[in-house]
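# Chain and residue survey
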Amino acid sequence: MFNVDVSGRITLTRGDTASPPLFLNKGTDLKPLRHILQDGEEVYFAIMEPNQPFECAIVKKLLTKDNLNKNGDVVINIEHDDTRCLLPGKYFYQIKASIYNSETDKYEINTVVQKTEFTLEE
């Protein structure tokens, strides 16, 4: 079972697979505008234990334009092996993106989703 509530909290049965899409908004909340990943841009998805930093996550996913669905959203594939050996309980997930900024001619990393609860159920 996989569920995302309105606040972004995820519940997943340990060992299950899920493929939620991620809408990257380069607009505003009132006027959303989809950002479609380009060559060189990346999205980083991580699942962490409580009080663990992003860099030390127990599950890490690197996503590129090869992970886009037909709408241009990034698909985060959570596989059976990602969670099957984890204990049920409360974890956290966070998503960051490296997006090219044409004004600065640099890739900038920004947090797309702050640390949010990720609960594994038995």
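Before reading on, note that the structure itself is shown above.
Residues numbered from 1 in each chain as written. Predicted model: local features only at pLDDT ≥ 70, side-chain atom pairs only at ≥ 80, totals over all residues. Heavy atoms only, no water.

### Concerning the sheet that holds strand 2 (residues 10-13)
- As summarised here, the arrangement of the six strands in space is 1-2-8-7-4-5, forming an open sheet in which the pairing is mixed. One side of each edge strand has no neighbouring strand; the edge strands of this open sheet are strand 1 (2-4) and strand 5 (59-63). On average, each strand axis in the sheet is inclined to that of its neighbour by 20°, with strand direction left out of account.
- Note that strand 4 (residues 42-48) and strand 7 (residues 89-101) share seven bridges and pair antiparallel. Looking at strand 7, one finds that Glu 42 is bridged to Ser 98. (Pairing = 2+ DSSP bridges. Helix = DSSP H or I, 4+ residues; strand = E, 2+ residues; numbered from the N terminus. Axes fitted to C-alpha atoms, helices over the stretch in contact; angles between N-to-C directions.)

### Things to note about the nonpolar core
- The biggest cluster of nonpolar side chains holds 22 residues, and the ones touching the most others in it are Val 43, Tyr 93, Ile 95 and Phe 118.
- Secondary-structure elements contributing two or more residues to this core are strand 2, strand 4, strand 5, strand 7 and strand 8 (106-121).
- No other element matches the four residues that strand 7 contributes to this core.
- Excluding its chain neighbours within four sequence positions, the residues that come into contact with Val 43 are Leu 22, Leu 24, Leu 37, Lys 61, Leu 62, Leu 63, Val 74, Ile 95, Lys 96 and Ala 97. (Core = buried A, V, L, I, M, F, W, Y, C linked by side-chain atoms within 4.5 Å. Buried < 20%, exposed > 50% of the residue type's maximum accessible area, 1.4 Å probe, protein only. Contact = heavy atoms within 4.5 Å.)

### Looking at unusual backbone geometry
- For Asn 51, which is not a glycine, the phi torsion comes out positive at approximately 65°.
- As for its placement among the helices and strands, Asn 51 is situated in the loop between strand 4 and strand 5.
- Its identity as a non-glycine residue notwithstanding, Asp 105 has a phi of 55°, on the positive side.
- Structurally, the position occupied by Asp 105 is in the loop between strand 7 and strand 8.

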